[in-house]
Amino acid sequence: MECAFEAQNLISISLRKIQSSRTQRGGIKLHKNLLVTYVLRNARQFYVSKNLQTQRTHQYEDVAAVRERQEYFELTGSLTELSDDFYCNFTGVESDTWQCGAHQHNGQPAEVAHQDASACAMLSTSDSDLMVSDACWSCADKSPWELPIQNAQANQKTVLDLDTHVVTTVTNGYFHSDCCAQSKQPQGAQCYAKKRKMDTSYHIVDPEFYLPDFGLVPCKRMRTDDELHSDSEQLDSTNISNLISVLGSGGLSEFVSWQQTDLEQIFAAQTICLKHTLLTGSGWTRAIEAF
Amino acid sequence: MAGVAGGNDFQWCFSQVKGAIDEDVAEADIISTVEFNYSGELLATGDKGGRVVIFQHEQESKNRPHLRGEYNVYSTFQSHEPEFDYLKSLEIEEKINKIRWLPQQNAAHFLLSTNDKTIKLWKISERDKRAEGYNLKDEDGRLRDPFRITSLRVPVLMPMDLMVEASPRRIFANAHTYHINSISVNSDHETYLSADDLRINLWHMEITDRSFNIVDIKPANMEELTEVITAAECHPHQCNVFVYSSSKGTIRLCDMRAAALCDRHSKFFEEPEDPSSRSFFSEIISSISDVKFSHSGRYMMTRDYLSVKVWDLNMENRPVETYQVHEYLRSKLCSLYENDCIFDKFECCWNGSDSAIMTGSYNNFFRMFDRNTRRDITLEASRESSKPRATLKPRKVSTGGKRKKDEISVDSLDFNKKILHTAWHPKDNVIAVAATNNLYIFQDKIN
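Residues numbered from 1 in each chain as written. Chains lettered and ligands numbered in written order. Predicted model: local features only at pLDDT ≥ 70, side-chain atom pairs only at ≥ 80, totals over all residues. Heavy atoms only, no water.

1. Some words on the overall build of chain B
Phase 1: On a plain count of helices and strands, chain B comes out with two helices and 32 strands.
Phase 2: What you see for chain B is a C-alpha radius of gyration of 24 Å, in line with the 22 Å of a compact globule of 447 residues.
Phase 3: Principal-axis analysis of the C-alpha atoms places the extent of chain B at approximately 90 × 60 × 40 Å.
Phase 4: Scored against the burial criterion, the 447 residues of chain B give a buried share of 52%.
Phase 5: Excluding contacts between residues fewer than 6 apart, the proportion of contacts in chain B whose partners are at least 24 apart in sequence is 54%.
Phase 6: When the accessible surface of chain B is summed, it comes to about 21200 Å², and 47% of that surface belongs to carbon and sulfur atoms.
Phase 7: Of note, chain B has its 58 positive side-chain charges centred 4 Å away from the centre of its 67 negative side-chain charges. (Helix = DSSP H or I, 4+ residues; strand = E, 2+ residues; numbered from the N terminus. Rg over C-alpha atoms; globule rule 2.2 N^0.38 Å. Buried < 20%, exposed > 50% of the residue type's maximum accessible area, 1.4 Å probe, protein only. Contact = heavy atoms within 4.5 Å. Areas by Shrake-Rupley, 256 points an atom, 1.4 Å probe, with all protein chains shown as cover. Lys, Arg positive; Asp, Glu negative; His and termini not counted. Charge placed at Lys NZ, Arg CZ, Asp CG, Glu CD.)

Encoded structure:
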């Protein structure tokens, strides 16, 4: 699981680099940012493919439990599992079974049988920080680099808040204002992920780090009172004023446009349209959008 | 010419060091390019502050004929100033990215210097005489009253203290949208090319208001961009041939006779990637940071993050020689990505006879590889070993568990001390190594 953890770290580090490059003297370095996007792509592909493999043998929730939350959730099972998997494994500890604390209808953490370790053992025994073991590459008879990405849609974007340093998603203009990272201890079904700030040690990003390849409609998460309180503490003091797009849905169009257009024109051309009705007073001062 | 090192008849020793000794290094003083001229008499450096310093080789001392002369400051001038593009709200750095000398055709010296956007042609000339005895003005330059002139005289040239003047003769601007990374003087001595991330332009030395675009890899849809141009160089003898390297680790050789726009390469050099070494950073470490033709014109050398490769122009599918510069860093790529060191662009250079190559590394180490004996050596540019004529001791990085005496462990390397720019004298065994804000000059000691 360390490799998935490292992949998530790399994603957050890369987003930071892209953000900081915009304020560097001399303008945006096209070469460097292109290389950073490659790292982003590689990390994302690896993480997504790893979770795809996990989902194939993952035991799904009871259908009734899903219906119970239907009015609050618009996620598909795969996306839910993605967040669960992220959530369950954020400690980065390799384990044959893990405690999955989210989305259990009985409210108790359930042990989920880990899939075949030989198929998805991510712990590298080499000295390399990020070299993946051969077992990983052989997963599902295909390298994780090559596994197809499902349901790719361009209307979901992963965004880094420059003020709170929280990574979340914006989909079709709907801001997941209740996206938040769960605490490090796995909890029951009623306690959903809280926002987790990224500190300098690059903790795992928000478990609702929805990758656009899943292309699912946004959800309104059911929130606990604790979660609401936590959110208000984190977001009360911020106001959305700008959403800065770093990368388009698939490329570097913004870099070129920055070279040639005024920044205000870029702001005006943003595809993300924040629905203030959803924000309920919370917001960002600045955010960076990737993927 | 002697080889790299290691034999009984050849050793490198310290000659000079230029630059401040202060621990507090001003960013403007960081050397960003180093280049010998065609004869090796002059050595030019450019720094991040836009300044160019030229050193001249003094003749050997009669008292110590066994030692080569020293390089002393010949001229210093401000080549580029910071600018601001108001239309794009972008600041243009004054950092000198490259300096390239022109072949000397008269008493004056010419060089091209470039920052991210503008290339300038500078004339460096000496003045050791001045005219005295003007009729219309006094010796201090003030105009004389014409009515008080009663006789005419012929001005005479009188000797004066040597003065070296640098004057901008041409300014080639507004031709690059992206950041210029390379300039290269053509063998016809009339044209030169300049390359940025996506385009390469061909200029004539006399014409500043237009250039020919000869390579354009910008896609119609920038979302399809997959690679950028990282370096370009003209062939040393064939004025119609040039090469450019890419961030994908490929090199394209183009012939300007084939078409006006050289988007279709004549030769494509690429080594297949080893799938077993694939990592998150494969694209970064395969990006070529420098490409240099050999003096003979038969080979070219490329530098990527971990290695130097020598290519035969007649073989495109793989390099003929590969030298690992600091393979021990492969396991540290994640850390190097975090601290941005993985984006460092190391340069490489040939010696005059093409028998050896040199490139820099971290901890102020630089590496030399002898192509004939296949021996390599790691040396360090440091003040501690900067005693006159002191022989440089080979250094070694310990990669295993046990560290021998005088070895340095990988974890002890100082990644802030990096040698990105090196130059080798075109004829002699004299090398110039830029270590942050200091310029070290080493030469061989023939026993």
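Still to come is the rest of the account.
2. Describing the confidence of the model for chain B
The predicted coordinates should not be examined in detail at positions where pLDDT is low.
Phase 1: Scored by pLDDT, chain B comes out at a mean of 92, with 96% of its residues at no less than 70.
Phase 2: In the predicted complex, the global pTM is 0.70; the interface-specific ipTM is 0.90. (pLDDT = per-residue confidence, 0-100.)

3. A few points about the state of the cysteines
Phase 1: According to the stated counting rule, one finds zero disulfides over all chains in the structure shown.
Phase 2: Here C254 of chain B is not cross-linked by a disulfide; its sulfur's nearest cysteine counterpart is in C262 of chain B, at 5.3 Å. (Disulfide = S-S within 2.5 Å.)

4. Remarks on the side chain of N438 of chain B
Residues and elements named next belong to chain B.
Phase 1: On the secondary structure map, N438 appears in strand β32 (residues 438–444).
Phase 2: Judged by its relative accessible area of 8%, N438 is buried.
Phase 3: Looking at N438, its side chain comes within polar contact range of the side chain of R383, at 3.4 Å.
Phase 4: When near neighbours in sequence (up to four residues on either side) are disregarded, N438 contacts V17, K18, G19, A20, I31, R383 and V433. (Polar contact = N/O pair within 3.5 Å; in protein donor to acceptor, adjacent residues only side chain to side chain.)

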